[in-house]
Amino acid sequence: MVQRQAACKNPVGVTVTFLFLIAVCFCLYTYLVFPVLLHWRAQGARREHDDQSLGEEGMAGHEAVESVSIVIAAHNEAKNLPAKIASLDALDYPVELLQCVFVSDGSSDETVALLKQACADRPGWQCHHYEQAAGKPTALNLGVAQARGDIIVFMDARQSVASPAIRALVSRLAEPGIGAVSGELVLRDDLGHEARNVGLYWRYEKWIRDNESRLFSTTGATGALYAIRRADYSPLPADTLLDDFDTPVRLLGQGMRTVLESGAQIFDQAEGDSAQEFRRKVRTLAGNFQSFARYPWLFNP
């Protein structure tokens, strides 16, 4: 009785306890309840999609092949470019339908020399450079302006891309209602194996993205590899933090889906520095908040 009376006389403590319980429930819903509900709902969508695919198999008849422009923004990527260029050379896609546009965003190392040499030896490759770094959005806008393909494939300069990736992206983008197709980022450790220290969380995140895309649409794409139609591209504001979130969200506002295509893989080194990984996460969340501020309709349930 005395304790009950004391609690009644301490409304601040009651309020703090109440807010704490709300926060706990919110975390449980976000990381446990929501993924389970999403997976459950996506199973029905998966069965429906499989049934439609079986019914349309005879109608398809051939693989979708369209002209593609790969746009890559690079800033001081000299150490990564040889492996990147080698993986681009190995792409399984008709050379006559493939264009590569590199934009050096104020690089001060050997990036420009490497790109000029690569473009001189390969028809359909272009290199553009400006002295003062202006940021990735500006570089992407310039690259798309130079693109001739019906489909734009955005890549980062750091990662190597799997040979079948372009075919997988183009074929998936040909499906009705899809505005963007995200590739699958595969993280590896120093020995070339999939990283175990971040593998569990990354597999969890990809599992959520897969279920989202099966149900309707993911909330973003993998910035290292994703594709959209050139006609659907809108120039990015220069201060955009996450093009791979801003663009899919804008397409979603137009009723177009973003889906994950596991057949299009790109390989990256797992981040071993926790401080660097923390900075990356902060930038990601800041970009999310920026897009929410630009598109207030996202707050409409």
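Above: the structure in question.
Below you will find a few notes about this structure.

The next subject is the overall build of the protein. Secondary structure assignment for the protein yields 9 helices and 8 strands. Across the 301 residues of the protein, 43% fall into the buried class. Across the protein, the fraction of contacts at a sequence separation of at least 24, relative to all contacts at a separation of at least 6, is 81%. Split by element, the accessible area of the protein, about 16700 Å² in all, is 60% carbon and sulfur.

With the rule as written, the count across this model stands at 13 salt bridges. Arg158 is paired through a salt bridge with Asp268; the nearest N and O atoms lie 2.7 Å apart. In this pair, Arg158 sits in the loop between strand E4 (151–156) and strand E5 (160–161) while Asp268 sits in strand E8 (residues 257–269), placing the two residues 110 residues apart along the sequence. Accessibility expressed as a relative area gives 10% for Asp268, which makes it buried. The partner of Asp210 in a salt bridge is Arg214, and the shortest N-O contact between them spans 3.2 Å. One end of the pair, Asp210, and the other, Arg214, are both in helix H7 (residues 199–215), 4 residues apart, so they sit about a helical turn from each other. The structure contains a network of salt bridges with shared partners spanning Lys136, Asp156 and Asp243.

Before going further, it helps to spend a moment on helix H8 (residues 243–253). With 9 of its 11 residues buried, H8 lies for the most part within the structure. Within H8 the residues assigned to the buried category are Asp243, Asp244, Phe245, Asp246, Thr247, Pro248, Val249, Arg250 and Leu251. Where H8 is buried, its residues meet helix H5 (136–145), strand E6 (178–188), strand E7 (225–229), E8 and helix H9 (274–294).

What follows covers the pairing of E4. Among the 6 residues in E4, 6 count as buried, and that is most of the element. By the alternation rule, side chains of E4 split into Ile151, Val153 and Met155 and Ile152, Phe154 and Asp156, which are all buried. Direction of pairing for E4 relative to E7: antiparallel, over a ladder of 5 bridges. Across the sheet, Phe154 pairs through a bridge with Tyr226, a residue of E7.

What follows deals with unusual backbone geometry. Here the phi dihedral of Asn76 falls at roughly 55°; this positive angle occurs in a residue that is not glycine. Here Asn76 is to be found in the loop between strand E1 (68–74) and helix H3 (81–89).

Relative to the helices and strands, Asn141 resides in helix H5. It is 9.7 Å that separates the C-alpha atoms of Asn141 and Ala73, two residues lying 68 residues apart in sequence. Look past the residues within four positions of Asn141 in its chain and what remains in contact with it is Tyr233, Pro235 and Leu236.

Moving on: the nonpolar core. As a rule of thumb, nonpolar side chains are buried together in soluble globular proteins. With 40 residues, the main nonpolar core has Val68, Ile70, Leu88, Val153, Met155, Ile166 and Leu225 as its most contacted residues. Once residues lying within four places of it in the same chain are set aside, the contact partners of Leu88 are Ile70, Ile72, Cys100, Phe102, Trp125, Met155 and Val161. Core analysis: the second largest hydrophobic core is formed by 19 residues, Ala73, Ala139, Ala221 and Met256 among them.

All right, on to the packing of aromatic side chains then. Enumeration according to the criterion identifies 6 aromatic pairs in this entry. A centroid spacing of 5.3 Å and a plane angle of 65° characterise the contact between Phe292 and Phe299, whose relative ring orientation is edge-to-face. Positioned above the aromatic ring of Trp125 is the side chain of Arg122, whose terminal nitrogen or guanidinium carbon lies 5.0 Å from the ring centre.

Relative to the helices and strands, Tyr204 resides in helix H7. C-alpha separation for the pair Tyr204 and Pro35, spaced 169 residues apart in sequence, amounts to 9.4 Å. Apart from residues no more than four positions distant in its own chain, Tyr204 is found in contact with Thr30, Tyr31 and Pro35. There is a polar contact of 3.0 Å between the side chain of Tyr204 and the backbone oxygen of Tyr31.

Mapping Glu212 onto the fold places it in helix H7. No salt bridge is formed by the buried Glu212; its nearest oppositely charged neighbour, Arg209, is found at 6.1 Å. When residues no more than four places from it in sequence are discounted, the contact partners of Glu212 are Phe34, Leu38, Ser217, Thr218 and Thr219.

Let us look at the pairing of strand E3 (residues 125–130). Regular strands have side chains that alternate between both faces of the sheet. Where strand E2 (residues 98–105) and E3 come together, 6 bridges link them in parallel fashion. From the neighbouring strand, Phe102 faces E3, where its bridge partner is Cys127. Once the chain exits E2 it traverses helix H4 (residues 111–120) before rejoining the sheet at E3, and the crossover so formed is right-handed.

Inspection of the entire model under this criterion finds 0 disulfides. No disulfide involves Cys27; its sulfur sits 9.4 Å from that of Cys25, the nearest cysteine. The class for Cys27 is partly exposed, based on a relative accessible area of 41%. Free of any disulfide, Cys100 has its nearest cysteine sulfur in Cys119, 8.0 Å distant. The class for Cys100 is buried, based on a relative accessible area of 1%.

Criteria and cut-off values
Residues numbered from 1 in each chain as written. Predicted model: local features only at pLDDT ≥ 70, side-chain atom pairs only at ≥ 80, totals over all residues. Heavy atoms only, no water. Helix = DSSP H or I, 4+ residues; strand = E, 2+ residues; numbered from the N terminus. Buried < 20%, exposed > 50% of the residue type's maximum accessible area, 1.4 Å probe, protein only. Contact = heavy atoms within 4.5 Å. Areas by Shrake-Rupley, 256 points an atom, 1.4 Å probe, with all protein chains shown as cover. Salt bridge = Lys/Arg side-chain N within 4 Å of Asp/Glu carboxyl O. Pairing = 2+ DSSP bridges. Core = buried A, V, L, I, M, F, W, Y, C linked by side-chain atoms within 4.5 Å. Phe/Tyr/Trp six-rings, centres within 6.5 Å; stacked < 30°, edge-to-face > 60°. Lys NZ or Arg CZ within 6 Å of the ring centre and 35° of its normal. Polar contact = N/O pair within 3.5 Å; in protein donor to acceptor, adjacent residues only side chain to side chain. Lys, Arg positive; Asp, Glu negative; His and termini not counted. Right-handed = clockwise from strand over helix to strand, strands pointing away. Disulfide = S-S within 2.5 Å.

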